[in-house]
Amino acid sequence: MGTAALLLAQPGTIGRIQMRNRIVMAPMGTNYGTSDGLASVRDQLYYAERARGGAAMIITEAMSISAGARNHTRSLGVFHDRFIPGLAEIVEAVHGEGAMAVGQLNHRGGLLRRSVLNMEPVGPSPWVNPNTGDPVRPLGVEEIQAIQRDFVEAGRRLWRAGYDGVEIHAANGYLFQQFFSRRINHRTDQYGGSFENRGRFLRETVRRMRDALPDLTVMVRISVVEHAPEGYTAEEAAELAQALQDEGVAALDLSSGTNEHPDLSRFCIQPPSVPRRYLARYAVPVKAAVDIPVILAGRIIEPADVETLLAAQACDYVALGRALLADAYWVRKAKGEFHTPIRPCISCNVCFERLTTEQDVACLQNPLAGSRFEAIESAEPQVAGHKLPAHPRRVLVIGAGVAGAEAARHLAAQGHRVEVWERQQQPGGQLVLALVPPHKEEVRGVWSYRWEQLQRLGVPVRLGVAPTPEALREFAPDHVVVATGARPVRPALFEQAGVPCLTAWEVLENEGRIPAGSHVTIVGGGLVGVETAELLSARDCRVTVLEMLPKIAATMPRNNRADLLLRLSGAGVEMITEAKVERVEGSVLHLTVMGEGRTLDAGDFLVLAMGVRPERSVVPMLEELGLPYVLVGDCNQPGDFLTAIRDGWLTALALPAQGDGGGGAAPRR
């Protein structure tokens, strides 16, 4: 399909806002602001980069409209005039790159957390915050009216800061949705009961905003489906859309679900098991009910996904959230302005997990989001007119996993002479294993983005090559990047087991080693362990998972974790936490479970998923030869793809700063 035929490239209009194309940046929290809620330079860089990358409209993150309703420790605030100068700088940066700026306003209501800045959960009726167990206090009518005034004053501040529009957040389980949901709202006054009463709080707020700021484009985000028992119906969502249109709303931004807890939040921020474009079927009746533009989100990854939605007339505009976090230049790449692949979102939800745990948001595919290093000149210098180094280095990368590939593609893009050696007969490292369990196909994008660039840049990748002193002397590198990964831990405790004992890696490399229908015990309930459990359960194996910690898959992003645990539970996988293997006698495991002794039949196979150790066997050879080197990825410190990519990217950027000679960095001891 030629770029001229791309529906996503067509201009449009939302209220008073002229749209240069059909792509909207969805609002996502970042924690890039200050602890006082002020906008930072990092906020400016982050939003401006997505505007520069081609998005038509930037909807900045949900801003707190009240000092008593802060979202996160570093969420942007708009509840006082002191926030206006910083927000104005964001708008100026966005406008400077040709995009329009809309600010999202939110009140979390019953989902406010006392653990974050001591915020009091409030809502339509007595309730309990499902995430925290905090009691929710019902709002009085005067308090409802005060919150409405807070929204209007926040909108006025956005207008003074230069924003083109405002989006009222009435989706994803927050205050307005709590009022609209009959399962939460049990009021008997004018704000509860009937459909009209449950929607009154939102309609009145929109009306007040429109009356006070007639020149400000007002949009509303709603969840078209709650995915919860006794939630509102699709017909009610369409009826609400009509009511909002009657109040003068310029566009509807459609999401789904509620962030009450991970089982429901997975429909807001979807894991990879949720089909792409899954909201389309829910959006169609809403779009048919109104004449105003409809914006649609929901697991939209590639340009083809956008074209499918627009061609089917499921929406008028498409909101990209995580996809633009992964690649700020998604739009311009889709239009063919940069001839380099899009870094695709893999729906890992590391970004959302970091936000929920009060860290700054980062992306597995793009660890440097919100920094100047993600600018195209730094991220992909080969397509941005990069000036070649006066003295290009001869760089050897040992290891063709994700960290090595990232370092190699970036060094080659800068103009250095790079070659990659890989001991195995195929590239990819641990990513090859990561693709094996169910619902992991999207992870392929981590590799395809980097491999395609290595091919385009002509980087030699030699497979089945183990470094030797002779080979290293012959190659004579100026610098060596060691990306040799890690090896699974295999404790001596299991050497005398009376049943076959494999590592999870060995199972993922060849699942046929364990016959279908086998009884399997997996020791280690981290990410690798539970994904191996799902793989085996899909082959009708009876699986038991033992985990020393109180929580299975403790470090896995919560939405994806909830999704996986539901599938494991449905498959009959037994999961035992706080379980430590003390000794093994034949096929019997002697355990301590929650401090008490217990025995367990290991079954037909034991599978070990007990972590990894760095693989650094090449290091003594490099030091003996006096070659400068740096460790990246798991051989530096075991982590995940985010840390591996961050290591490779920044290490590649560091090399030119080490002088013009061939000496490079001093060896790491």
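Quantities reported herein were computed from a predicted structural model and do not represent experimental measurements.

1. So, the confidence of the model for the chain
Then, in step 1: Per-residue pLDDT for the chain averages 95, and the proportion of residues at 70 or more is 97%.
Then, in step 2: Note on residues 659-669: pLDDT is under 50 here. Beyond four places in sequence and across chains, it has 23 contacts.

2. Some words on the packing of helix α15 (residues 402-414) against helix α17 (residues 444-456)
Then, in step 1: Packing of α15 against α17 leaves a shortest axis separation of 9 Å and a crossing angle of 40°. The crossing of α15 and α17 is left-handed. Here Val 402, Ala 405, Glu 406, Ala 408 and Arg 409 of α15 come into contact with α17, specifically with Val 446, Trp 447, Tyr 449, Arg 450, Gln 453 and Leu 454.
Then, in step 2: When its residues are assigned to classes, the contact of α15 with α17 shows seven nonpolar, one polar and three charged.

3. As for the sheet that holds strand β22 (residues 574-576)
Then, in step 1: Strand order across the open sheet formed by five strands is β19-β26-β20-β21-β22, with parallel pairing between neighbours. Each of the sheet's edge strands pairs with one partner strand only, and the pair in question is β19 (501-503) and β22. Shown here is a sheet whose adjacent strand axes are inclined to one another by a mean of 20°, direction ignored.
Then, in step 2: Note that strand β20 (residues 519-523) and strand β26 (residues 605-608) share four bridges and pair parallel. Counted as the bridge partner of Val 523 is Leu 608 from β26.
Then, in step 3: Seen against the sheet, helix α20 (residues 527-537) touches β20, β21 (542-546) and β26 and runs at an angle of roughly 170° to β20.

4. Side note on the sheet that holds strand β11 (residues 251-255)
Then, in step 1: The parallel closed barrel is built from eight strands, whose spatial order is β3-β4-β5-β9-β10-β11-β12-β13. Each neighbouring strand pair of the sheet contributes to a mean axis angle of 30°, computed without reference to strand direction.
Then, in step 2: Where strand β12 (residues 294-296) meets strand β13 (residues 317-320), two bridges bridge the pair, whose relative direction is parallel. Bridging across to β13, Leu 296 finds its partner in Val 318.
Then, in step 3: Across the sheet, helix α3 (residues 141-160) touches β4 (57-64), β5 (100-106) and β9 (165-170), and the angle it forms with β5 is around 160°.
Then, in step 4: Across the face of the sheet, helix α6 (residues 200-212) comes into contact with β5, β9 and β10 (217-223) while running at roughly 170° to β9.

5. Thoughts on empty space enclosed by the protein
Then, in step 1: In the structure shown here, the tally under the stated rule is one cavity of 30 Å³ or more.
Then, in step 2: If you add up the space inside the largest cavity, you get close to 70 Å³.
Then, in step 3: Counting only elements with at least two residues in the lining of the largest cavity, the list comes to α11 (322-326) and α13 (350-356).
Then, in step 4: Partitioned by chemical class, the residues of the lining of the largest cavity number nine nonpolar, three polar and one charged.

6. Comments concerning the pairing of β4
Consecutive side chains along a regular strand alternate between the two faces of the sheet.
Then, in step 1: Counting buried residues in β4 gives eight out of eight residues, a clear majority hidden from the surface.
Then, in step 2: When β4 meets β5, the two strands line up parallel, connected through six bridges. Each residue of the ladder has a partner; that of Thr 60, found in β5, is Gly 103.
Then, in step 3: Between β4 and its parallel partner β5, the chain crosses via helix α2 (residues 84-96), and the hand of that crossover is right-handed.

7. So, the nonpolar core
Then, in step 1: Grouped together as the largest cluster of nonpolar side chains are 99 residues, with contacts concentrated most on Leu 87, Leu 105, Val 220, Leu 252 and Trp 330.
Then, in step 2: Apart from residues lying up to four places away in sequence, Leu 252 is in contact with Val 220, Ala 241, Leu 244, Val 286, Val 290, Ile 292, Pro 293, Val 294 and Ile 295.
Then, in step 3: Within the second largest apolar cluster, 36 residues are counted, among which are Val 397, Ala 407, Val 420 and Leu 435.

The rules we used
Residues numbered from 1 in each chain as written. Predicted model: local features only at pLDDT ≥ 70, side-chain atom pairs only at ≥ 80, totals over all residues. Heavy atoms only, no water. pLDDT = per-residue confidence, 0-100. Contact = heavy atoms within 4.5 Å. Axes fitted to C-alpha atoms, helices over the stretch in contact; angles between N-to-C directions. Helix = DSSP H or I, 4+ residues; strand = E, 2+ residues; numbered from the N terminus. Left-handed = near helix turned anticlockwise from the far one by under 90°. Nonpolar A, V, L, I, M, F, W, Y, C, P; charged D, E, K, R; others polar. Pairing = 2+ DSSP bridges. 1 Å grid on protein atoms, 1.4 Å probe; cavity = no way out; pocket = protein on both sides within 12 Å on 5 of 7 lines; lining within 4 Å. Points joined across faces, edges and corners; volume = space filled by probe spheres on them. Buried < 20%, exposed > 50% of the residue type's maximum accessible area, 1.4 Å probe, protein only. Right-handed = clockwise from strand over helix to strand, strands pointing away. Core = buried A, V, L, I, M, F, W, Y, C linked by side-chain atoms within 4.5 Å.

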